[in-house]
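Geometric and topological summary
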Amino acid sequence: MINVSLGWFFKGFNKSFDSCTKGYAKVVRRCVRASAVGLAIYVGLLFLTYFEFKHVPGGFIPNQDKGYLLVNMQLPDSASVERTQAVVDRAGAIAMKTPGVKHTITIAGMSCLLNANGSNFGTMFVILDEFENRHGPGLSADAIAQRLRAIYYQQILEAQVGVFGAPPVDGLGNAGGFKLMVQDRSDSGLEMLQKETDDLALAGNQSREVTSLFTMFRSNVPQRFVDIDREKCKKMGVALSDVFNALQYNLGGYYVNDFNKFGRTWQVNIQASAPYRMDSKDVTDLKVRNSQGNMAPLGSVVKVQESNGPIMVNRYNMYPAAAINGVEAPGVSSGEAMAKMEELASAMPSSFGFEWTELSYLQKTAGNTAILIFPLCILFVFLTHSAEYESWALPLAIILIVPMGILCSLTGVWLAGMDNDIFTQIGFVVLAGLACKNAVLIVEFAKQQREHGLGIEDAAVEASHLRLRPIMMTSFAFILGVVPLVLASGAGSEMRRTLGMAVFSGMLGVTFFGIFLTPIFFNVLEHLRCRGKSEPSH
């Protein structure tokens with residue numbers, strides 16, 4: 001019964017396909033006879049391809065859902081750790097109420113984004129639910145991050161909060177988005193560096209291309225400076241190393257050793273209890289032993305003064321620099337966001353400059369180098385077929401269809417809201433081979449028909465008629481094979497979808513254009529090649 005049903009199905013399919021093939025041959029004959037019109041349409045499509053290259057957003061590596069988000073918090077200067085902890089706890093409670101969040105890890109007094117310690121810094125890792133429990137675009141990492149940004153902006157007013165995804169490439173930065181270093185190249189001072197950095201971050205947040213733009217650089221943080229009278233230390237027999245050690249042990253903490261207990265190794269760290277290191281008087285009350293063995297108060301050899309200064313100073317390529325972190329706005333590519341930041345940064349005074357760092361630096365330095373690989377692939381195909389056919393003209397009939405694959409690939413990527421990133425460009429290389437494969441099936445048989453005495457037009461039509469079935473079967477087998485990439489979900493799906501969409505849409509287009517344009521290319525080039533030669537008899 002199954003065999004009979006399949007037999008009827010395939011018999012009907014073959015009959016329908018044969019009818020379509022005959023109709024296709026008639027259309028091809030008309031196209032070949034109107035080759036001038038076909039070439040004019042082809043030139044127009046080339047201009048459209050160039051237009052799409054210029055207007056499809058460029059990218060590098062797509063943001064990926066790695067199952068966690070990084071939340072960075074910065075309170076006003078010199079805010080206490082207790083105050084920071086309260087804000088961090090509130091942010092964690094809000095995150096736990098957000099759909100798609102499994103649990104959080106909070107750290108007060110540290111910024112994992114900048115690898116810096118400070119009482120007003122806070123970090124929270126938002127661990128998302130398993131991929132199989134997060135179906136739909138509303139539960140993706142980007143969607144959850146966008147939702148948290150909006151909530152934190154409304155509900156946490158006492159801190160600057162930034163929400164970032166995971167870095168696309170492990171080891172290149174601590175978070176997703178981009179990172180720009182503003183450099184003081186003429187020693188204008190840290191206060192001017194902070195002003196220009198703050199102004200740039202403010203201008204960026206007012207644009208539509210970027211969001212969550214902020215800097216953690218602060219040049220005028222309240223501090224206490226301990227001024228040590230070295231002459232008094234020498235007169236009283238107090239060693240400078242003992243003064244420094246006393247400050248370190250009591251105020252900053254000090255690692256002593258390890259011990260084993262309950263099957264684990266524990267660290268021993270010493271530090272004065274919080275009530276005994278709250279103000280300047282607590283510093284002067286500390287005592288240190290002098291050379292006579294007597295205890296001398298630190299107040300006799302040091303003075304504690306109120307001062308202001310930067311919480312930390314970075315240098316980037318030898319210049320004092322401040323980092324600006326940010327994320328491209330929804331629907332905006334990383335290339336567009338970086339271009340906007342460069343436009344805003346160019347308005348800074350000439351004494352200041354900027355440089356990209358981490359993954360943004362790689363994207364900037366890579367530029368369009370991936371695109372340069374594509375012409376080399378085309379050249380390789382051309383030279384290979386030139387040697388095979390011992391002709392410079394016939395290989396052109398094969399490779400001229402390649403731009404149509406790029407046109408349709410970029411169209412599909414643009415309609416899907418994706419970027420022309422490195423995975424799309426890998427898809428271009430794949431399309432070059434597949435497009436040429438289809439064209440070879442027609443050109444090779446047309447060449448054989450010419451050798452058997454057919455005219456140029458008849459050879460092109462006959463080759464197209466004979467090879468339509470294998471072209472369609474092999475093309476649609478490949479197109480259906482990449483459907484799982486287009487519909488991919490889960491870890492790393494962003495890369496698979498980008499590559500899949502580029503190849504899927506490109507193959508659809510190159511199959512459609514190829515079966516009509518390749519006979520035209522063969523007809524025109526064969527006429528040019530045979531100009532001045534006698535036409536073989538029918």
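Cut-off values and rules
- Residues numbered from 1 in each chain as written.
- Predicted model: local features only at pLDDT ≥ 70, side-chain atom pairs only at ≥ 80, totals over all residues.
- Heavy atoms only, no water.
- pLDDT = per-residue confidence, 0-100.
- Contact = heavy atoms within 4.5 Å.
- Core = buried A, V, L, I, M, F, W, Y, C linked by side-chain atoms within 4.5 Å.
- Buried < 20%, exposed > 50% of the residue type's maximum accessible area, 1.4 Å probe, protein only.
- Helix = DSSP H or I, 4+ residues; strand = E, 2+ residues; numbered from the N terminus.
- Disulfide = S-S within 2.5 Å.
- Axes fitted to C-alpha atoms, helices over the stretch in contact; angles between N-to-C directions.
- Parallel < 35°, antiparallel > 145°, perpendicular 65-115°, else oblique.
- Left-handed = near helix turned anticlockwise from the far one by under 90°.
- Nonpolar A, V, L, I, M, F, W, Y, C, P; charged D, E, K, R; others polar.

**A look at the confidence of the model for the protein chain**
Of the residues in the protein chain, 96% have a pLDDT of 70 or more, and the chain-wide mean is 87. Here residues 534-538 is a poorly scored stretch, pLDDT under 50, and it has 10 contacts once near neighbours within four places are set aside; other chains count.

**Concerning the nonpolar core**
Residues Ile 401, Leu 517 and Phe 522 are the most contacted members of the largest nonpolar core, which totals 56 residues. Those elements that provide at least two residues to this core are α1 (2-33), α2 (35-55), α11 (369-389), α12 (394-399), α13 (402-415), α14 (422-451), α15 (456-481) and α17 (493-529). The element best represented in this core is α14, accounting for 12 residues. Of all hydrophobic cores here, the second largest spans 22 residues; its members include Val 71, Val 126, Ala 141 and Val 163.

**Things to note about the state of the cysteines**
For the structure on display, the rule yields 0 disulfides. Here Cys 408 stays unpaired: no disulfide links it, and the sulfur of Cys 436, its closest cysteine neighbor, is 15 Å away. You can call Cys 408 buried: its relative accessible area is 14%. A residue is classified by how much of its surface remains accessible, and Cys 436, at 3% relative accessible area, is buried.

**Focus: the packing of α2 against α13**
Two numbers describe how α2 lies on α13: the axes approach to 9 Å, and their chain directions differ by 45°. In terms of orientation, α2 and α13 fall into the oblique class. You can see that α2 and α13 cross each other, and the crossing is left-handed. Across from Tyr 42, Leu 45, Leu 46, Leu 48, Thr 49, Glu 52 and Phe 53 in α2, the residues of α13 making contact are Pro 403, Met 404, Ile 406, Leu 407, Leu 410 and Thr 411. The residue inventory of the contact of α2 with α13, partitioned by class, reads 10 nonpolar, 2 polar and 1 charged.

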